[in-house]
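Chain by chain, the residues run as shown.
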Amino acid sequence: MSQKWKSCSERKFVSFDVKSLFTNVPIDGAIKVAQRALRRVDEDELQLQLDDYIELIRLCVEFGPFEFRGREYEQIQGLAMGSPLSAVLAQLSMETLEADHYRNIVGRNVVWLCYVDDILTLVPDLLHRLNAIRPSIQFTAEEERDEQLPFLDTMIHRRPDGPQEDRRHRERKEVKTQQTPQPGVRHTL
């Protein structure tokens, strides 16, 4: 990988992050990527028939009630936050988008390091092209400043022989939201 880093020395690090990944992964799309992944498994290794797995996944992700301040609501869009199955389906969705679309945009001989919905790359000016793939999956981007970039609780420093990371870096961003469910109304939280 060091050759990829050296060949991109004139470029800046860029970090991409998907906005609200779980709730923006379409349920039908998540089920399709689960089918695609399960088709790669030898059917003799599965405890159930493939169609039964898919039906169980569908039941789990389509029924999305949650409680907020003592009231029940129904999630009507995307995958539920906090569900272990949502984490797996979101990861599979991002891997599928990367393999089918994003890699074609950035090319094969490029540094592209991905952790769920956080991506570190040395290919700038791709934000609009990545966001054009699926309107519900939108990225934000942060470019390196002074030859460094915060990424996944580390600070990546540019060095002539390749990147160096400082694991002591901790940046906590305060997240504020004004989304409060109203009683008796279905919300897309």
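Because the structure is predicted, anything quoted here is derived from the model rather than measured. (Residues numbered from 1 in each chain as written. Predicted model: local features only at pLDDT ≥ 70, side-chain atom pairs only at ≥ 80, totals over all residues. Heavy atoms only, no water.)

A. Molecular detail of the pattern of salt bridges. In total, this model carries 4 salt bridges according to the counting rule given. Ionic contacts of the salt-bridge type, sharing partners, join the residues D28, R58 and E62 into one network. (Salt bridge = Lys/Arg side-chain N within 4 Å of Asp/Glu carboxyl O.)

B. Seen up close, the packing of helix α3 (residues 27–39) against helix α5 (residues 84–106). Close contact between α3 and α5 brings their axes to 9 Å; oriented N to C, the two are set at 80°. Between α3 and α5, the crossing angle belongs to the class labelled roughly perpendicular. For the pair α3 and α5, contact is made by A30, V33, A34, R36 and A37 and by L89, L92, S93, T96 and D100, respectively. Among the residues making up the contact of α3 with α5, the classes are represented as 6 nonpolar, 2 polar and 2 charged. (Axes fitted to C-alpha atoms, helices over the stretch in contact; angles between N-to-C directions. Helix = DSSP H or I, 4+ residues; strand = E, 2+ residues; numbered from the N terminus. Parallel < 35°, antiparallel > 145°, perpendicular 65-115°, else oblique. Contact = heavy atoms within 4.5 Å. Nonpolar A, V, L, I, M, F, W, Y, C, P; charged D, E, K, R; others polar.)

C. Local environment of the packing of aromatic side chains. The full count for this structure, using the stated rule, is 4 aromatic pairs. Ring geometry for F16 versus F139: centroids 6.1 Å apart, planes at 75°, classification edge-to-face. Here the residue F16 occupies a position in strand β1 (residues 14–18), and F139 occupies one in strand β6 (residues 139–143), the gap between them amounting to 123 residues. Relative accessible area serves as the criterion here: at 1%, F16 is assigned to the buried category. Of the residues examined, F139 reaches a relative accessible area of 2% and is grouped as buried. Each member of the aromatic cluster is reached from another via a ring pair, and the members are F16, Y102, W112 and F139. (Phe/Tyr/Trp six-rings, centres within 6.5 Å; stacked < 30°, edge-to-face > 60°. Buried < 20%, exposed > 50% of the residue type's maximum accessible area, 1.4 Å probe, protein only.)

D. Quick look at a negative patch on the surface. On the surface, D42, E43, D44, E45, D51, D52 and E55 cluster together to form a negatively charged patch. Following the sequence through the fold, D51 ends up in helix α4 (residues 50–62). On the accessibility criterion, D51 (61% relative accessible area) is exposed. (Patch = residues over 30% accessible without salt bridge, like charges linked within 9 Å, V, L, I, M, F, W, Y side chains within 5 Å. Areas by Shrake-Rupley, 256 points an atom, 1.4 Å probe, with all protein chains shown as cover. Lys, Arg positive; Asp, Glu negative; His and termini not counted. Charge placed at Lys NZ, Arg CZ, Asp CG, Glu CD.)

E. Geometry of the nonpolar core. Counting residues in hydrophobic clusters, the biggest one holds 31 residues, and the most contacted among them are L21, L79, M94, Y102, L130, I137 and F139. Top contributing element to this core by residue count: α5, with 7 residues. In this structure, L21 is in contact with A90, M94, V116, D117 and I137, ignoring residues within four places of it in sequence. Judged by nonpolar contacts, the second largest core, of 7 residues, contains F13, V111, L149 and F151. (Core = buried A, V, L, I, M, F, W, Y, C linked by side-chain atoms within 4.5 Å.)

F. Highlighting α5. End to end, α5 covers 31 Å across 23 residues, agreeing with the expected 33 Å (1.5 Å per residue, within 8%). At the C-terminal side of α5, G107 shows a positive phi close to 95°. (Expected span 1.5 Å × (residues − 1).)

G. Inspection of unusual backbone geometry at higher detail. In the Ramachandran plot, R69 falls in the positive-phi region, its phi being about 50° despite a non-glycine side chain. Of note, R69 is situated in the loop between β2 (65–68) and β3 (71–74). Although it is not a glycine, V116 sits at a positive phi angle of roughly 55°. Along the polypeptide, V116 turns up in the loop between β4 (112–115) and β5 (118–121). By relative accessible area, V116 is classed as partly exposed at 23%.

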